[in-house]
Amino acid sequence: MIFNLEGLTVYFPYEYVYPEQYKYMLELKHGLDAKGHGCLEMPTGTGKTITCLALITSYQLAHPECGKLIYCTRTVPEMEKVLAELRVLQAYREKHVGKAAEMLALGLSSRKNMCIHPKVADEGSRESVDARCRRLTASWVREKHLTDAASEEKPTTDLCQFFEDYEKEGPDAVLPAGVYTLADLREFGRKKGWCPYFLARHMISVANVVVYNYQYLLDPKVSSLVSRELEKNCVVVFDEAHNIDNVCIEALSVNLRSQTLEAAGRNITSLSGKIERAKQTDARRLKEEYQRLVNGLAQQGVLRNGGGEDALQNPVIPDDILREAVPGNIRRAEHFVAFLRRFVEYLKTRMRATVVEQETPSAFLAHLQRTAAIDGKTLKFCYDRLTSLLKTLEIVDTEEFHAISLVADFGTLVGTYQNGFALILEPYDARYPNIPDPVFQLCCLDASLAVRPVFEKFQSVFITSGTLSPIELYPRLLSFNPVCIASLPMTLTRDCLCPVVITRGADQQGVSTKFDMRDDPNVIQNYGRILIDLAATVPDGLVAFFVSYSYMEQIVSKWHETGVLQQVMQHKLVFIETQDVVETSLALDNYRKACNCGRGAVFLSVARGKVAEGIDFDRHYGRAVIMYGVPYQYTLSRVLRARLEYLRETFQIKEADFLAFDAVRQAAQCVGRVIRSKADYGLMVFADKRYNSHDKRGKLPGWITTHLHEQNLNLSTDMAVQIARTFMREMAQPYDRGVAGKQLLDQAACDALAKQAGFGPPKPPPGVSGSAMLPGK
């Protein structure tokens, strides 16, 4: 339908719109009008993606000055879903508006997901694909190939024909208007003989909509490479952003182990050998590099990479890089390598510690200055200087030099930031105190550091998800001022959500995964009883989430010994998530087959795991979900302790509040997997007595708490099973779609809302006649 939303003509590709979708569009529009940021929570299964795309692309059509839409997702399957929705929307727009509504939308991912070169694409890991690609596309590799060809010698280097053909086309290598998934880009690349990865990178600058991973904006090493040229008037959307603070922290944290330092030592020896060879065969290159470093890296454009040798950029946020010349003591290649060797030896010495050490960057730098005579200013340039050296020595296999890159990354970050970071040295894993396994962690404690450049650079940034409660905490954690902040309810014609809290078993003993209760045989037996009774009651698929892998393994082995699993398997087959991705994918596939053939299945999974974050158990794949316990982080983790202390001192967020918020958002994410549309239905079981307290319950999203009625709280197992039976019986009755339609807004209802607000019928975009927009056209 096409309707007027406060003066904006919105193109929505379906006949009906949910009331919450209409409210969500209003909030988005207010944020765009105010040229500010927003934080919006919308229930899962209510069409958040298409609502967001329809409103922002309609806004772009009405306001040509509005920049491109940058839509950030966490996974490749989510990216594909967004582009599939966009394709439906685009077909609708072109049908009603014609040529004026044409757009270019594309997804961008790593070389591993986009490469079409047969030999490179067959490489296993992402790093090896990147390294193999650079071996074929780096500028000096191509120059050597041309030199060999000109002298009529047999070329000693291979080139990528797809990249060569793309480069030959130059500015004429463009994508026609349309919506391109990763598969479409690969197909287009094969047809034209062009490299789809570099084509997509090039087309970002002219596309109307770009869909890619969070890291392309939040990780400075990647964003300075891919997103540097994006203009200020872009609109950024972070979808499924309930964990965005953790993504920001990971982007600026570095861990070093003994093995890393050993490999870094070998890298330094290798670099020394290459420098000596270069002195003998081509000293000019080293002299030219020295001259450039005297004049300053940034001004000379040494660190602006092109073609295939775009190794990762500086790990520091661009505004924090000092725009000055590299210090004199590391300008010469051999001096810089000696400096790196000294730094690595210092880190190895620190790693020999037998007790846990924690310090601030300032204390670390002071000790480094006293012990190894290395100052912080020199460390700041570590990463840039290494990048320059690798380029001068014409090294394309960055995978081989990954260890020394990590050390340089560590040095640059610790030399640049004084606040918001902690250094923690743990000589052994707390679980195995007798086995030395030292790890030196540079932990970012402030999530706002990575995301601040995004808020400062772009006109409007929206953070959205189905589980952002309590929503007021996100602006504090990420240090931004939203112009629109809203948590939208879910309008339902029938109560298709049934959340229940089980606090005790049929024997009236409390159930919980609290540390002092989790090993109690009665608790384990009661948890098993919940699974047996629900497996007998709930049809088709049932999903159970545990607080950790170790707890799941412990409880499943006890269930096996006590015969619980055998009883469950009388009703349904049992599948388990493991830490191996391939095994888990196979288990999920077989789980779906068991649900499809009517046998029914139980899937045992882990909160914070792959399944909890990215897999939907819609329709008959998930008729009930059990959350065993409250999924707190490991509270004895020193990294978490340091972060909690920082949050308390800097943002005045209490430790208990943050831990409860973090645990409950994970629980909400788990139980939300079973409701993926309003026609869907599911039972949500919170099996822990702590959910009965308002402290935990109050942090659940509003669309869950509104259905968590008093009679569904503080239940024993048998009472919960009785409620489940009644709920399943009600849901099994024929669903009257006509009744559901009364809650939906059709064309007439949207027009009436516009009229009520003082607006007329929708207007065509500039340059399009009104008749072209008629629904029959």
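Remember, it's a predicted structure, so these values are computed and weren't measured experimentally.

Engineer: Lay out the overall build of the protein in plain terms, naming residues and giving numbers.
Structural biologist: Assigned secondary structure in the protein consists of 35 helices and 21 strands. Expected size for 777 residues packed as a compact globule is a radius of gyration near 28 Å; at 29 Å, the protein falls within 12% of this value. Over its C-alpha atoms, taken along the principal directions, the protein stretches across nearly 85 × 75 × 50 Å. Looking at the protein residue by residue over its 777 residues, the buried ones come to 57%. In the protein, the proportion of contacts linking residues at least 24 apart, taken out of those at least 6 apart, comes to 79%. Accessible surface, the protein as shown: approximately 32,000 Å² in total, 51% of it carbon and sulfur. Averaging the positions of the 92 positive and the 92 negative side-chain charges in the protein gives two centres separated by 1 Å.

Engineer: Would you mind going over the nonpolar core in detail, with residue names and values included?
Structural biologist: With 176 residues, the main nonpolar core has Tyr 212, Phe 238, Leu 256, Leu 347, Phe 364, Phe 410 and Ile 463 as its most contacted residues. Excluding residues within four positions of it along the chain, Phe 410 makes contact with Val 254, Leu 256, Phe 343, Leu 347, Phe 364, Leu 423, Phe 440 and Leu 442. Ile 502, Val 556, Ala 607 and Cys 670 belong to the second-largest nonpolar core, a separate cluster that totals 82 residues.

Engineer: A description of the packing of aromatic side chains should follow, citing residues and the corresponding values.
Structural biologist: One pass over the full model with this rule turns up 30 aromatic pairs. Seen in terms of ring centroids, Phe 364 and Phe 440 are 5.9 Å apart; in terms of plane orientation they differ by 75 degrees. Their pairing is edge-to-face. With Phe 364 in helix α18 (residues 361–372) and Phe 440 in strand β12 (residues 436–444), this pair connects stretches of sequence that are 76 residues apart. Residue Phe 364 shares its accessibility class with Phe 440, and that shared class is buried. Taken together, a centroid distance of 6.3 Å and an interplanar angle of 80 degrees make the contact between Tyr 646 and Phe 651 edge-to-face. Taken individually, Tyr 646 and Phe 651 each receive the classification buried, so the pair is uniform in this respect. Aromatic ring contacts, followed pair by pair, group Tyr 527, Phe 546, Tyr 551, Trp 559 and Tyr 628 into a single cluster. Its end group placed over the ring of Tyr 621, Arg 592 keeps NZ or CZ at 5.5 Å from the ring centre. Geometry around Tyr 681 places Arg 623 over its ring, the cationic atom sitting 3.9 Å from the centre.

Cut-off values and rules
Residues numbered from 1 in each chain as written. Predicted model: local features only at pLDDT ≥ 70, side-chain atom pairs only at ≥ 80, totals over all residues. Heavy atoms only, no water. Helix = DSSP H or I, 4+ residues; strand = E, 2+ residues; numbered from the N terminus. Rg over C-alpha atoms; globule rule 2.2 N^0.38 Å. Buried < 20%, exposed > 50% of the residue type's maximum accessible area, 1.4 Å probe, protein only. Contact = heavy atoms within 4.5 Å. Areas by Shrake-Rupley, 256 points an atom, 1.4 Å probe, with all protein chains shown as cover. Lys, Arg positive; Asp, Glu negative; His and termini not counted. Charge placed at Lys NZ, Arg CZ, Asp CG, Glu CD. Core = buried A, V, L, I, M, F, W, Y, C linked by side-chain atoms within 4.5 Å. Phe/Tyr/Trp six-rings, centres within 6.5 Å; stacked < 30°, edge-to-face > 60°. Lys NZ or Arg CZ within 6 Å of the ring centre and 35° of its normal.

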